[in-house]
Amino acid sequence: MLDGYMVRRQRTKKRPFFGRPKGIILLATPEGWRHSVLTEEGGMLCGRLADVPINADPAEARTAAAAMVVALAHDFHEVDVEVTWDPPREPESWTGQVTLAAPPPNARG
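Report on the accompanying structure. These figures come from a predicted structure and were not determined experimentally.

Here the focus is the nonpolar core. Leu-26, Trp-33, Leu-49 and Val-69 are the most contacted members of the largest nonpolar core, which totals 17 residues. Elements represented by at least two residues in this core include exactly strand E1 (21–29), strand E2 (32–39), helix H1 (58–77), strand E4 (81–85) and strand E5 (93–100). A total of 5 residues in this core trace back to one element, the largest contributor, which is H1. Beyond its immediate stretch of four places on either side in the chain, Leu-26 contacts Trp-33, Arg-34, His-35, Leu-49, Ala-61, Arg-62, Ala-65, Trp-85, Glu-92, Ser-93 and Trp-94.

Given below as structure tokens:
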């Protein structure tokens, strides 16, 4: 309240804390499965797949990593994406491409 009057704040839409995913790198390490999500703006979000056991099969880890990227893109950018894994170039390392599965909800055609 300001001098007996209600002050109304304008709500502004917050920008997501990271850019839209465009790729992912998945690594098997002795400590567990690590990932780096690359963004369209050139940023990177790195971490560990917490719910995937260290000794998990690579296919299980790729599925979990892809699900994480799909959820992040949906929750923070309101877009549906797909992850396509490239053939591995090195043992214990995978690279995936992230592409839009459908146009964004506000896209005009």
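So, on to the sheet that holds E1. The strand order across the open sheet formed by 5 strands is E3-E2-E1-E5-E4, and the pairing between neighbours is antiparallel. Looking at strand neighbours, the two that pair on one side only are strand E3 (44–48) and E4, the edges of this open sheet. On average, each strand axis in the sheet is tilted by 20° relative to the strand beside it, whichever way the strands run. Inspection of the sheet shows E1 paired to E5 by 5 bridges, in the antiparallel sense. Within E5, the residue paired with Ile-25 across the bridge is Thr-95. Running over the sheet, H1 touches E1, E2, E3, E4 and E5 and is turned about 150° from E1.

Time to look at the packing of aromatic side chains. Applying the stated criterion across every chain, the model contains 1 aromatic pair. A centroid spacing of 5.6 Å and a plane angle of 45° characterise the contact between Trp-33 and Trp-94, whose relative ring orientation is tilted. In this pair, Trp-33 sits in strand E2 while Trp-94 sits in strand E5, placing the two residues 61 residues apart along the sequence. Residue Trp-33 shares its accessibility class with Trp-94, and that shared class is buried.

A few words on the environment of Gly-19. Within the secondary structure, Gly-19 sits in the segment before E1. Separated by 57 residues in the primary sequence, Gly-19 and Phe-76 place their C-alpha atoms 8.9 Å from one another. Beyond its immediate sequence surroundings of up to four residues, Gly-19 is in contact with Thr-39, Glu-41 and His-77.

Right, let's get into the pattern of salt bridges. Under the criterion given, the structure shown has 1 salt bridge. One salt bridge connects Glu-40 with Arg-20, and the closest N-O pair in it is separated by 3.5 Å. Of this pair, Glu-40 sits in the loop between E2 and E3 while Arg-20 is found in the segment before E1, placing the two residues 20 residues apart along the sequence. Note on Glu-40: relative accessible area 46%, which makes it partly exposed. Under the relative-accessibility criterion, Arg-20 is labelled partly exposed at 22%.

Conventions used here
Residues numbered from 1 in each chain as written. Predicted model: local features only at pLDDT ≥ 70, side-chain atom pairs only at ≥ 80, totals over all residues. Heavy atoms only, no water. Core = buried A, V, L, I, M, F, W, Y, C linked by side-chain atoms within 4.5 Å. Buried < 20%, exposed > 50% of the residue type's maximum accessible area, 1.4 Å probe, protein only. Helix = DSSP H or I, 4+ residues; strand = E, 2+ residues; numbered from the N terminus. Contact = heavy atoms within 4.5 Å. Pairing = 2+ DSSP bridges. Axes fitted to C-alpha atoms, helices over the stretch in contact; angles between N-to-C directions. Phe/Tyr/Trp six-rings, centres within 6.5 Å; stacked < 30°, edge-to-face > 60°. Salt bridge = Lys/Arg side-chain N within 4 Å of Asp/Glu carboxyl O.

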